[in-house]
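This is what each chain is made of:
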Amino acid sequence: MTQASVSGLNERVPGRRWTVRLDAAGRGSAGVRVSCSRPACAELRLPSAADGRRAAVAHLKAHLRAAASPRPTAHCACRADGCHAHVPDTDRPARTEPWRCGGPVVLTVIADRAGRWWRALECCSRCAAAIPGARTTTAAPASRPPDAGGHPLATVNPGANPGTGADARPGGGPGAGTPRFSDRTAVSGAEVPPPRPATIAQRVIPDDLKPVELRDELVELGDLFRAYQRRDQPDLALLAHLHTRKARAFAAWAEACGDSRLRPVAKRAEQAADAARLQHEHRTGLSAAGDRPPVARLLTGAAQWDHARSVLAHAAATTPLPGPQARLLVTMLTLRTALSGTGRLVGQDLTGMGLTEPEELIARLTDCGWLRLTGTPADLLAARPEDPASVTVPSLTPRTDAPAPFAFGKKLRPKLSGWAQRIVADKKLRKAGADAGTRFLALALATRCHADGRLGSGGDGIDLDDLAVSCAVDLGELHCLVDRLTAADWVAGPAFTDGRLTGRLTERVLPLTCPLPQPGLVEGSG
């Protein structure tokens, strides 16, 4: 019995194996090249990775169509490459590979998850089941003689010689049928899978949805979103348009079928459209909708806006003295010394803040240890541009035993400092003789607005208690400061309702704003 088994195994032929690879065509180029392990297959060069993947998959499918069916006389071609069926037991000696295989021979397809290579091989069903992510394919059964041997899954291919390892080229030789892929079990080529249902945003679009125009719009949007995901380069103007259409379509869908679960999807699509338009404006300087001119902001991205808010929050948490004057001075000195703990200033930097007694305030910060000077406060206020004075904030000096308080780099620090200086030294605020509290409130409002200037992340206003704490003033004083900003053409239409400050920043100060992220914003797709 043993001799017969060994003889049968020795008569087997090596399993066939094809590998199609996708590689970069060259450094600095978006092109790719597709190569096949078969010597007769010529290399292909394509302009993009998406085209390369489609060509690689089509090439492998052509090999599978030519192969027609697995040969029952072939042994495993997996060669123990990550095949769990070929890993020897720890307490037993390793066996020869054919004895460890089992089951019928199948054509197995393995794909790299990163989309860099695709492999098809003849192997036994035991190894195919042991390879993670492997899929099996088999051709439609052909007419076979009553005495044909082999496993019931094997098919007879009259145009192929099962005793050789060579495979026919695509289109050469009659095949038993076209291979079809399956997840875990082999699917006969004679079976036609049912059509896939139309979907959008992971939801199935009902076939009987009325009106028909609404269903057609949802089906088209699903196709357009999937096509957008296959693009090589983003088009934020197009993405904003698609999300706008999706918001209207889902709102109509919710109305047509009375499903309230669809309304949040419509709301998220509206928010995603707003975010895409805003990103489009920041990247190109053009309005996606064309309905309003773009805003050329001094700080140009959401990351920079978040860093500006982090500096204000740090100053509010570390200011050692009460009052808006100390809050403003600490904020400006923090921006000058943020990364190294040291900075250089001139007297004009401090005298232009609207401080009533700057020398005394600087002395108090020095006495409490928050600030260190090389000279006296009077020397700092008298410093000229040709001979700036050096200042040190010990709490901002880098330490090995504590993390840095800020995450931005040395190139962004002067931009943040210049942004704050532009607000504090605003021409109309200077002409109006605005005090330090008014200037710091202008700084705070610039970081707490919507992209279009409305106060609050969603334009619904700012909590008065929170704003008063941030500016180190009481509620009564806050009303006076808002009136002064309104007179200086900084705020338009302010109102105090239900404990919130509503209104919007004027057009002239929009370039100095740092818009808040919109609440509940999710970049959805179809």
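Residues numbered from 1 in each chain as written. Predicted model: local features only at pLDDT ≥ 70, side-chain atom pairs only at ≥ 80, totals over all residues. Heavy atoms only, no water.

A. Main features of the nonpolar core. Membership of the largest hydrophobic core comes to 71 residues, with the highest contact counts inside it found for Leu329, Leu371, Trp419, Leu441, Leu445, Leu467 and Trp490. With eight residues, the top contributor of residues to this core is helix α15 (residues 436-446). If near-sequence neighbours (up to four positions away) are discounted, leucine 467 is found in contact with Leu441, Ala444, Leu445, Arg448, Ile462, Leu478 and Leu501. Membership of the second largest hydrophobic core comes to 22 residues, among which are Ala201, Leu214, Leu218 and Ala254. (Core = buried A, V, L, I, M, F, W, Y, C linked by side-chain atoms within 4.5 Å. Buried < 20%, exposed > 50% of the residue type's maximum accessible area, 1.4 Å probe, protein only. Helix = DSSP H or I, 4+ residues; strand = E, 2+ residues; numbered from the N terminus. Contact = heavy atoms within 4.5 Å.)

B. Seen up close, the sheet that holds strand β13 (residues 372-373). Taken together, three strands build an open sheet; the order of strands is β12-β14-β13 and the sheet is antiparallel. The open sheet is flanked by β12 (342-345) and β13, the only strands paired with a single partner. In the sheet, β13 pairs with strand β14 (residues 389-392) via two bridges, with the strands oriented antiparallel. Looking at the pairing, arginine 372 lines up with threonine 392 of β14. (Pairing = 2+ DSSP bridges.)

C. Structural context of the sheet that holds strand β15 (residues 462-463). The strand order across the open sheet built from three strands is β15-β17-β16, with neighbouring strands paired in antiparallel fashion. Either end of the sheet is taken by a strand with one partner, and the two such strands are β15 and β16 (491-497). Bridging between β15 and strand β17 (residues 500-505) involves two bridges; their strand directions are antiparallel. Pairing of isoleucine 462 across the sheet is with leucine 501, part of β17. On the sheet, helix α17 (residues 475-487) packs against β16 and β17 and is oriented at approximately 160 degrees with respect to β16. (Axes fitted to C-alpha atoms, helices over the stretch in contact; angles between N-to-C directions.)

D. Summary view of the confidence of the model for the protein. When pLDDT is averaged across the protein, the result is 78; 77% of the residues are at 70 or more. Segment residues 1-9 is flagged for pLDDT under 50; beyond a separation of four residues in sequence, or across chains, it makes three contacts in the model. Here residues 520-526 scores under 50 on pLDDT; set against residues more than four positions off or in separate chains, the count is 26 contacts. (pLDDT = per-residue confidence, 0-100.)

E. Structural context of the packing of aromatic side chains. Under the definition given, this model contains two aromatic pairs. With centroids separated by 5.4 Å and ring planes inclined at 50 degrees, the aromatic side chains of phenylalanine 250 and tryptophan 253 adopt a geometry described as tilted. With phenylalanine 250 and tryptophan 253 both in helix α6 (residues 236-257) and three residues apart, the pair spans about one turn of that helix. Judged by relative accessible area, which is 0%, phenylalanine 250 ranks as buried. Their ring planes at 25 degrees and their centres at 5.4 Å tell us that phenylalanine 406 and phenylalanine 408 sit as a pair that is stacked. Assessed through its relative accessible area of 8%, phenylalanine 406 is described here as buried. The residue whose ring lies beneath arginine 119 is tryptophan 117, and the NZ or CZ to ring-centre distance is 4.6 Å. The side chain of lysine 246 reaches across the aromatic face of phenylalanine 225, ending 5.4 Å from its centre. (Phe/Tyr/Trp six-rings, centres within 6.5 Å; stacked < 30°, edge-to-face > 60°. Lys NZ or Arg CZ within 6 Å of the ring centre and 35° of its normal.)

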